[in-house]
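# What the coordinates show
In case you want the letters, here they are:
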Amino acid sequence: MRYVSTRGEARSVDFEGALFSGYAPDGGLFMPKEIPTLDSTTLRTWSAFSYPELVKELSSLFISSELIPRKELNDLIDSAFRRFRHKNVVHPARLKNGLNVLELWHGVTYAFKDLSLSCTGQFLQYFLKKRKKHVTILVGTSGDTGSSAIESVRGESNMDIFVLLPKDLCSQIQELQMTTVIEENVHVFTAHGNCDEIDESIKELFADADFARQHNLMSLNSINWSRIMVQIAHYFYAYFQCTPSMDMSPLPAVEIVVPTGGGGNITAGYIAQKMGLPIQLVAVVNNNDIIHRAVQRGDFSFSGSVKPTLASAMDIQEPYNMERILWLLSDCDSSLIKTLMEQFNMSKNLTLPEELHRKLSEALSSCSASDEDIVQAMRRCWEDNRYLLCPHSAVAVHYHYKQLDCHLGNRPRCCLAPASAAKFPDAVLRAKLVPEVPPEILALKAMETRSTTLRREDDWARTLRDRIEAIAKRRHTQVEFL
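For the protein chain, an unreviewed UniProt entry supplies the name Threonine synthase-like 2 and the organism Chelydra serpentina. In UniProt, the protein chain has this text filed under Sequence similarities (unreviewed entry): "Belongs to the threonine synthase family." If you open the UniProt record of the protein chain and go to Cofactor (unreviewed entry), you find "pyridoxal 5'-phosphate".

Turning to the state of the cysteines, a few remarks are in order. Scanning all chains against the criterion turns up 0 disulfides. This cysteine, cysteine 381, is not joined by any disulfide, and cysteine 415 carries the nearest cysteine sulfur, 9.2 Å off. The exposure class of cysteine 381 is buried, given its relative accessible area of 0%. Free of any disulfide, cysteine 415 has its nearest neighbouring cysteine sulfur in cysteine 414, separated by 6.7 Å.

In this structure, the amide linkage connecting serine 249 to the following residue, proline 250, adopts the cis form with an omega of -5°. By secondary structure assignment, the location of proline 250 is in the loop between α10 (225-242) and β9 (254-259). The phi torsion at tyrosine 110 lies on the positive side, around 65°, for a residue other than glycine. As for its placement among the helices and strands, tyrosine 110 is situated in the loop between β4 (100-103) and α5 (113-131). Of the residues examined, tyrosine 110 reaches a relative accessible area of 6% and is grouped as buried.

With that settled, the discussion passes to the sheet that holds strand β11 (residues 364-368). Within a sheet, each strand pairs with its neighbour through backbone hydrogen bonds, oriented either parallel or antiparallel. An order of β3-β4-β12-β9-β10-β11 is seen for the 6 strands of this open sheet, with the pairing classed as mixed. Of all the strands in the sheet, just β3 (91-94) and β11 have a single pairing partner and so form its edges. Direction aside, neighbouring strands of the sheet carry axes that sit 25° apart on average. Pairing of β3 with β4 involves 4 bridges; the strand directions are antiparallel. Its bridge partner lying in β4, histidine 91 is registered against glutamate 103. In the packing of α10 onto the sheet, contacts are made with β3, β4, β9, β10 (279-285) and β12 (413-417), and the angle to β9 comes to roughly 135°.

This part covers the UniProt feature "domain: Threonine synthase N-terminal" (unreviewed entry) in the protein chain. The positions that UniProt labels "domain: Threonine synthase N-terminal" (unreviewed entry) are, in the present scheme, residues 2-81. Across residues 2-81, the secondary structure splits into 44% helix and 8% strand, with the terminal C-alpha atoms separated by 27 Å.

Contact geometry for α5 and helix α6 (residues 144-153): axes closest at 9 Å, N-to-C directions at 35°. For the pair α5 and α6, the crossing hand works out as right-handed. Of α6, the residues touching α5 (which contributes Lys113, Asp114, Leu117, Ser118 and Gly121) are Asp144, Thr145, Ser148, Ala149 and Ser152. Residues of the contact of α5 with α6, tallied by class, amount to 2 nonpolar, 5 polar and 3 charged.

Once that is clear, we can look at the packing of helix α3 (residues 51-62) against helix α4 (residues 70-80). Two elements in contact, α3 and α4, have axes whose closest approach is 10 Å; the angle formed by their N-to-C orientations is 140°. As summarised for this structure, α3 and α4 are arranged oblique, according to the angle between their axes. Judged by the twist between their axes, the crossing of α3 over α4 is right-handed. Taken together, the residues of α4 that come into contact with α3 (itself represented by Pro52, Val55, Lys56, Glu57, Ser59 and Ser60) are Arg70, Leu73, Asn74, Ile77 and Asp78. Grouping the constituent residues of the contact of α3 with α4 by class yields 4 nonpolar, 3 polar and 4 charged.

Rules used in this analysis
- Residues numbered from 1 in each chain as written.
- Predicted model: local features only at pLDDT ≥ 70, side-chain atom pairs only at ≥ 80, totals over all residues.
- Heavy atoms only, no water.
- UniProt positions renumbered as here; feature names shortened; annotations may be inferred.
- Disulfide = S-S within 2.5 Å.
- Buried < 20%, exposed > 50% of the residue type's maximum accessible area, 1.4 Å probe, protein only.
- Helix = DSSP H or I, 4+ residues; strand = E, 2+ residues; numbered from the N terminus.
- Pairing = 2+ DSSP bridges.
- Axes fitted to C-alpha atoms, helices over the stretch in contact; angles between N-to-C directions.
- Contact = heavy atoms within 4.5 Å.
- Left-handed = near helix turned anticlockwise from the far one by under 90°.
- Nonpolar A, V, L, I, M, F, W, Y, C, P; charged D, E, K, R; others polar.
- Parallel < 35°, antiparallel > 145°, perpendicular 65-115°, else oblique.

Structure below.
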């Protein structure tokens, strides 16, 4: 399996090359040159698999056995899921009125990103030990990515991780899950700005090819293909849990509702669809609705500044993974995607070509949810089921209730739940409900914290560059001393 850039001007790489990359050298994102397709016989066989077994099967399609032999791949994935609290790793909650909620948050940080990042951390270690190599990881986070990325690499001597989070735009618990990790290889920065501004600073460092090469820069944001690959398993598991029958021909469709911010998860869903999984995808956004406008009207443009919402991890105006979806929809037309994305990057204003918009609206449905919609969905779910939703999960459940109230059919549906309500007590209180916070999260408030402040007037990219160079110098001095 080879990986190519969505913009067509970078050399193809294998899985290891894609894993250790941020953006491709031409500014694009790496994607498999070919998407494998599965027939109904294979789907019926896979329907009996556990979630970890599905991750193993899917990963083996995208990682050649020459790079990671199958037995070692299986062992890495088993190691990745050892710290999950639920015996099945993920759990489908079956609630009243056809509401199925797939809990993806049983990892260390109570967020779905633990699933893909725990596997990615194992893949990284496998290659780093083999190559005797060190990497510098840059992560911008809107909340959950940072803590999940930190947990996947903390304490490792062959990796330094630099995490930038937006001050006061994450929940207190999300911030504490990052700033309380006191490890020599963990470097947390609190920026007085939003997620899109953080991403710009990170892009600037990746764009300096010499600096990126010298320090082996890589990203664990969802620009990293490995994260998308593991997330494909969410859709297969959700489908097999919610389909009314695996004996029908053709197999029946299941609607999967995806809370959407940066677009990584919905990209994984579209790839699952391209592989032959009979799913209908719904991208549900908060008031930062660029993906909703793109699906509905072909308007892929900024609409002012980022709007803070209760679903803070989705407060993103620049969903970079949409480039992957548009590339697939354009039949891998790298020249077109390069032109479109360069226009967007320059002006933050793009109207999709008519044919591309038509294909996007056929591939995805979309919906937006206001803070009031989120609160109402949280309350209704509690009143009906005594089940607490996080505000991001409530974005998806809002769509389910909307369909229910409008009597729009009774198709099987699964709402993806990206985080536990325990991480968002303020949103739970806003819904006039009582937070349920586990002891390990309560303990965060008494722990020592460490982070570096990035003021708005600072040159964030320069500060990062200086810190990376200082740590690299110290590491080399220690090696020479030894």
